[in-house]
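Tertiary structure, described
Now for the letters of each chain:
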Amino acid sequence: MSAAMSDSGPIYLDYNATAPAKPEVVEAVADALALAGNPSSVHGFGRDVRKRIEDAREEIAALLGCAPPELVFTAGGTEANNTALRGAGRRALIVSAVEHPAVLRTAEACADELVVLPVDGDGLLDMAALDAALAAHGPDALVSVMLANNETGVIQPVAEIAARARAAGALVHCDAVQAPGRIRVSFAGLGIDMMSVAAHKFAGPKGIGALVVRAGLEIAPLVTGGGQERGLRGGTENAAGIVGFGRAAALAHDDLARAGEIAAMRDRLEARLRETEPAVVVFSEGAARLPNTSCVTMPGVQSETQVMGLDLAGVAVSAGSACSSGRVEASHVLRALGASDAVGGCAIRVSTGWATTGDEIERFLGAWRALYAGLTNRWKAGVSAAAG
Amino acid sequence: MSSASLDLDLGIAGPRRETRVAVAMSGGVDSSVAAALLAEAGYEVFGITLRLYAEDASRTRPGACCAGQDIYDARRVADRLGIRHYVLDYEARFREAVIEDFADSYLRGETPIPCVRCNERVKFRDLLALARDLGADALATGHYARRIAGPAGPELHRAVDRGRDQSYFLFATTPAQLEFLRFPLGALAKERVRAEAARLGLAVAGKPDSQDICFVPAGRYAGVIERLRPGAAEPGAIVDEEGRVLGRHRGIIHFTVGQRRGLGIAGPAPLYVLSVDAARREVVVGPQAALLRDRVFTGPLAWIGGDPPAPGEERAVVARLRSGHPGAPALLRTSADGAAEVALEEPEPATAPGQACVLYDADRMLGGGWITGTGRSATLAAASPDAARLDRVAAA
């Protein structure tokens, strides 16, 4: 028989995919949607919407440690990454092997020369390889390295990377989509030229993000039109999205204050899994990580099977990035860390956030144990796909 | 047609809402209705759709299963039913387990049935094991076949709708697989299934039936093989039963036993493909009478019909030699290595190697095997002595 459904509805532990919007954000978006004006209009209706957009810009700039005019609103992180990589006009792109596809696929598409830098076993950038790439391409290059990895949560030393890159004459872009609200982010402090963020990763609306462009840096727009966003992003602003983005940014300071609590929950989760099965692997454990992200294996069980099995038990997690071709195969991130398909192909990502409770973690652990026990029992009977 | 509502009982102990049933959903009307009826009957149903090949292969072709549009359709049916639904990327497995074998089989001069391989190696192996791993109590499909509880365990029977029966494609099913499988449509006529789809408000109610082989666009299998095995379609000779060259052909993959069209040879009487000799790249042709066979040889038999026949024992069966073949009375005799010789009471037009010989006791499927060759009894050979060369081919 199937396991009984959870006691009080499904559990959401996939915040790195998207974080549920906070009620205050939903309210702010609904209010903004009701406004008639176009922010470019001269009249009072337009001015009202414009004011709310600029208020939001200030809230977001405060969270990200940049000046408000440096923020260019986009339709999300992917568009921000595209604008940075395509708009900077550098012929060589230097990226890490663990970037999100929004950077990797774009770099492949637009670079005259592409250097993909390896990472170490914890997923941290190989600095010697960076230096070599900078020596070869420095003044022609844009370096794009993410702040925190979406699968493992590992945090790259972006300030150090930026210092070396800028000394060599390169521009630096950072995909910081997973960071705001989880760790403190300072665009100015990192010393970089461009930075991508997306509202929905910290409880804002989906479909709105921003590229921070350092004052004085000239880049080409990806979307041309009516001159909005200092000419860097044409099209009538997504006013409701921007207002929700701003509200989420204002509220993200509360999440930062709870980072220690969130990290303790993660550490307890990983410790409990190891008590159940000592062979559990936790990726990037030896490096600084986001407090909310666990990339853990269930030994011998394909990631896809775990994600479906947990979903059937009412627990939402993710198998890292997009699916592979039906084989037991590690994601490109875990392969870059040196994980074999046999180990990396058995990893899932558990990511928590503002609404996660300790009780939900316990229920996740219960579902994980039940799935694992069911499968190991079937292995003993010799009728399972998972062991094959 | 009855309009009474259906109630499908899967014969599984315990409350239905706690009985988890995985449904293999192709996006077609049959598996959609299977999922819908089980959900309506109160089972905890979830759907699995396999992406078997790249979407561009046959994106817009109606009636193909498992391409992009079909995955979309399956998802929308699951949305409508409010059931969980997962799409799995099986492209690599399907290529390895089914498509490569399909191409190699044609190159050996055979006419393969990839649907059997897909059931055997993909749906009833990997997908079935996955359903078990996910805690399912059964895996249901939209096949037209019946699983009937018998005194010695489940039996596999032909569908009530004989015209739709798909039991032929299920001959390689093992007893352990059948234990876990359910075929909710086996007792229904196709018209009833479409009517149920309409009653349930499924958008796929009017969708065309799947045709031919799902990964072969519009029957053009030769193009698929040429893409997989470039240069494999080498030209050769078309010969008669005595080996006299009558013409040339552009590759044996374009020919199957029994085929009449596409030979490009004018003669006093219509010519048929009698056999395909891959080693010599020869297509052997002759008159229709020379196609007749009353012996069928198979590889090791898959057996699901209770006690398998002992080596040397003769058993009366009904043999189906192609999916569209209604069945013919025959005597089955197996050898010690499990291979079988099926002696037909009346001669039948020859069946191509690579097809299956599937055996029944009335409606109950007993098992079957891949056809390795056909031949003629002494009586038949005496009646048509000029086809002696074919007996050698069959016995080779």
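Because the structure is a prediction, the values reported are computed rather than measured.

This brings us to the overall build of chain A. When helices and strands are tallied, chain A shows 13 helices and 11 strands. Taken against the 2.2 N^0.38 rule, which gives 21 Å for 388 residues, the C-alpha radius of gyration of chain A at 22 Å falls within 12% of a compact globule. The principal-axis extent of the C-alpha atoms belonging to chain A is close to 70 × 55 × 35 Å. The proportion of buried residues among the 388 residues of chain A is 56%. Taken as a whole, chain A presents about 14500 Å² of accessible surface, with 55% of it coming from carbon and sulfur. Measuring between centres, the 33 positive side-chain charges of chain A sit 1 Å from its 43 negative side-chain charges.

It is worth spelling out the side chain of S32(B) at this point. All names here are of chain B. In this fold, S32 is placed in helix α1 (residues 29-40). Owing to a relative accessible area of 1%, S32 belongs among the buried residues under this scheme. Not counting residues within four places of it along the chain, the set of residues in contact with S32 comprises G27, V77, L81, L202 and V204.

A word on the side chain of H249(B). Residues and elements named next belong to chain B. Within the secondary structure, H249 is located in strand β9 (residues 245-249). A distance of 2.9 Å separates the side chain of H249 from the backbone nitrogen of G251, its partner in a polar contact. Within the structure, the side chain of H249 is placed 2.9 Å from the backbone oxygen of R281, a separation counted as a polar contact. In this view, H249 contacts E234, P235, G236, A237, I238, F255, R281, E282 and V283; residues no more than four positions away in its chain are not counted.

This part is about the sheet that holds strand β7 (residues 194-198) of chain A. All names here are of chain A. Reading across the sheet, the seven strands line up as β2-β8-β7-β6-β5-β3-β4 and stay open at both edges, with mixed pairing between neighbours. Edge strands, defined here as strands with exactly one partner in the open sheet, are β2 (71-74) and β4 (113-117). Averaged over all neighbouring strand pairs, the angle between strand axes comes to 20 degrees, with direction disregarded. In this structure, strand β6 (residues 171-175) lies alongside β7, joined through three bridges in parallel fashion. Across the sheet, residue D175 finds its bridge partner in β7, namely S196.

So, about the pattern of salt bridges. Overall, the coordinates contain 63 salt bridges over all chains when judged by the stated rule. In this structure, E91(B) engages R95(B) in a salt bridge whose closest nitrogen and oxygen atoms are separated by 3.7 Å. Here E91(B) and its partner R95(B) are both found in helix α3 (residues 91-107), four residues apart, which amounts to about one turn of the helix. A salt bridge links D363(B) to R146(B); its shortest N-O distance comes to 3.5 Å. Taken together, the residues span a long stretch of sequence, with D363(B) in the loop between β17 (356-361) and β18 (364-375) and R146(B) in strand β5 (residues 145-150) at a distance of 217 residues. Residue class for D363(B) comes out partly exposed when judged on its relative accessible area of 23%. Within this structure, R50(A), E54(A), R57(A), E229(A) and E237(A) form a network of salt bridges that share partners.

All names here are of chain A. Packing of helix α2 (residues 44-64) against helix α8 (residues 239-257) leaves a shortest axis separation of 8 Å and a crossing angle of 30 degrees. The angle between the axes of α2 and α8 places the two elements in the roughly parallel class. Judged by the sense of rotation from one axis to the other, the crossing of α2 with α8 is left-handed. On α8, the residues touching V49, R52, I53, A56, E59, I60, A62 and L63 of α2 are A239, I242, V243, F245, G246, A249, A250, A252, H253 and L256. Of the residues assigned to the contact of α2 with α8, the class counts are 14 nonpolar, two polar and two charged.

Now for the nonpolar core. Counting 61 residues, the largest nonpolar core has L64(A), L130(A), V143(A), L147(A), I192(A), M195(A) and F245(A) as the members making the most contacts within it. Sort the elements by how many residues they give to this core and α8(A) lands first, with 10 residues. Counting residues in each nonpolar core, the second largest holds 57 residues, with Y90(B), V116(B), A136(B) and F215(B) among its members.

Now for the pairing of strand β2 (residues 44-51) of chain B. Residue and element names in this part refer to chain B. Extensive coverage of β2 is indicated by the burial of eight of its eight residues. On β2, burial covers both faces: E44, F46, I48 and L50 on one face and V45, G47, T49 and R51 on the other are all buried. Relative to β2, strand β1 (residues 20-24) is paired through five bridges, and the arrangement is parallel. Counterpart to A22 in the pairing with β2 is F46. In this view, the connection linking β1 to its parallel neighbour β2 by way of α1 has right-handed handedness. Two strands pair when backbone bridges link them, and β2 and strand β3 (residues 84-89) are joined in this way by six bridges, in the parallel orientation. Bridging from a neighbouring strand, I48 pairs with Y86 of β3.

Our focus in this paragraph is the domain arrangement of chain B. All names here are of chain B. The domain architecture assigned to chain B consists of domain 1 (16-219), domain 2 (234-286) and domain 3 (290-395). The C-alpha-based centres of domain 2 and domain 3 are spaced at 24 Å. Counting residues at the interface gives 14 residues for domain 2, matched by 12 residues for domain 3. It is E241, V257 and L274 that lose the most area in domain 2 upon contact with domain 3, and together they represent 56% of the buried surface on that side.

Attention now goes to the packing of aromatic side chains. Counted under the stated rule, the structure contains 13 aromatic pairs over all chains. With centroids separated by 5.6 Å and ring planes inclined at 55 degrees, the aromatic side chains of Y12(A) and Y15(A) adopt a geometry described as tilted. The exposure class assigned to Y12(A) is partly exposed, which follows from its relative accessible area of 29%. Put simply, the rings of Y53(B), F94(B), F102(B), Y106(B), F215(B) and Y221(B) touch in pairs and so form one group of aromatic residues. Lying over the aromatic face of F180(B), R132(B) brings its terminal NZ or CZ to 4.3 Å of the ring centre.

As a further point, take the sheet that holds strand β10 (residues 272-277) of chain B. Residues and elements named next belong to chain B. Taken in spatial order, the four strands line up as β9-β8-β11-β10 in an open sheet, and their pairing is mixed. Lying at the two open borders of the sheet, with one neighbouring strand each, are β9 and β10. On average, each strand axis in the sheet is tilted by 30 degrees relative to the strand beside it, whichever way the strands run. In this sheet, strand β11 (residues 282-286) lies alongside strand β8 (residues 236-239) in parallel orientation, the contact comprising two bridges. When the bridges of β11 are listed, V239 appears paired with V284.

This paragraph deals with the domain arrangement of chain A. Residues and elements named next belong to chain A. What the domain assignment reports for chain A is domain 1 (11-16 + 258-378) and domain 2 (23-255). Relative placement of domain 1 and domain 2: their C-alpha centres are 28 Å apart. Domain 1 puts 26 residues into the contact, and the matching count from domain 2 is 27 residues. Taken together, both faces of the contact between domain 1 and domain 2 bury some 2100 Å²; the carbon and sulfur share is 56%. Between the two partners, domain 1 and domain 2, sit zero salt bridges. Remark: the boundary between domain 1 and domain 2 carries 16 residue pairs in polar contact (both at pLDDT 80 or more).

Residues and elements named next belong to chain B. Between its first and last C-alpha, helix α2 (residues 68-81) extends 20 Å over 14 residues, near the 20 Å set by a 1.5 Å rise per residue. Taken as a whole, α2 has its buried residues at G68, D70, I71, D73, A74, V77 and A78. Residues of α2 that are buried make contact with α1, β2 and β3. Downstream of α2 by a residue or two, G82 has a phi angle that is positive, lying close to 70 degrees.

Rules of the game
Residues numbered from 1 in each chain as written. Chains lettered and ligands numbered in written order. Predicted model: local features only at pLDDT ≥ 70, side-chain atom pairs only at ≥ 80, totals over all residues. Heavy atoms only, no water. Helix = DSSP H or I, 4+ residues; strand = E, 2+ residues; numbered from the N terminus. Rg over C-alpha atoms; globule rule 2.2 N^0.38 Å. Buried < 20%, exposed > 50% of the residue type's maximum accessible area, 1.4 Å probe, protein only. Areas by Shrake-Rupley, 256 points an atom, 1.4 Å probe, with all protein chains shown as cover. Lys, Arg positive; Asp, Glu negative; His and termini not counted. Charge placed at Lys NZ, Arg CZ, Asp CG, Glu CD. Contact = heavy atoms within 4.5 Å. Polar contact = N/O pair within 3.5 Å; in protein donor to acceptor, adjacent residues only side chain to side chain. Pairing = 2+ DSSP bridges. Axes fitted to C-alpha atoms, helices over the stretch in contact; angles between N-to-C directions. Salt bridge = Lys/Arg side-chain N within 4 Å of Asp/Glu carboxyl O. Parallel < 35°, antiparallel > 145°, perpendicular 65-115°, else oblique. Left-handed = near helix turned anticlockwise from the far one by under 90°. Nonpolar A, V, L, I, M, F, W, Y, C, P; charged D, E, K, R; others polar. Core = buried A, V, L, I, M, F, W, Y, C linked by side-chain atoms within 4.5 Å. Right-handed = clockwise from strand over helix to strand, strands pointing away. Domains from an automatic or database assignment. Buried area = accessible area lost by both parts, 1.4 Å probe. Phe/Tyr/Trp six-rings, centres within 6.5 Å; stacked < 30°, edge-to-face > 60°. Lys NZ or Arg CZ within 6 Å of the ring centre and 35° of its normal. Expected span 1.5 Å × (residues − 1).

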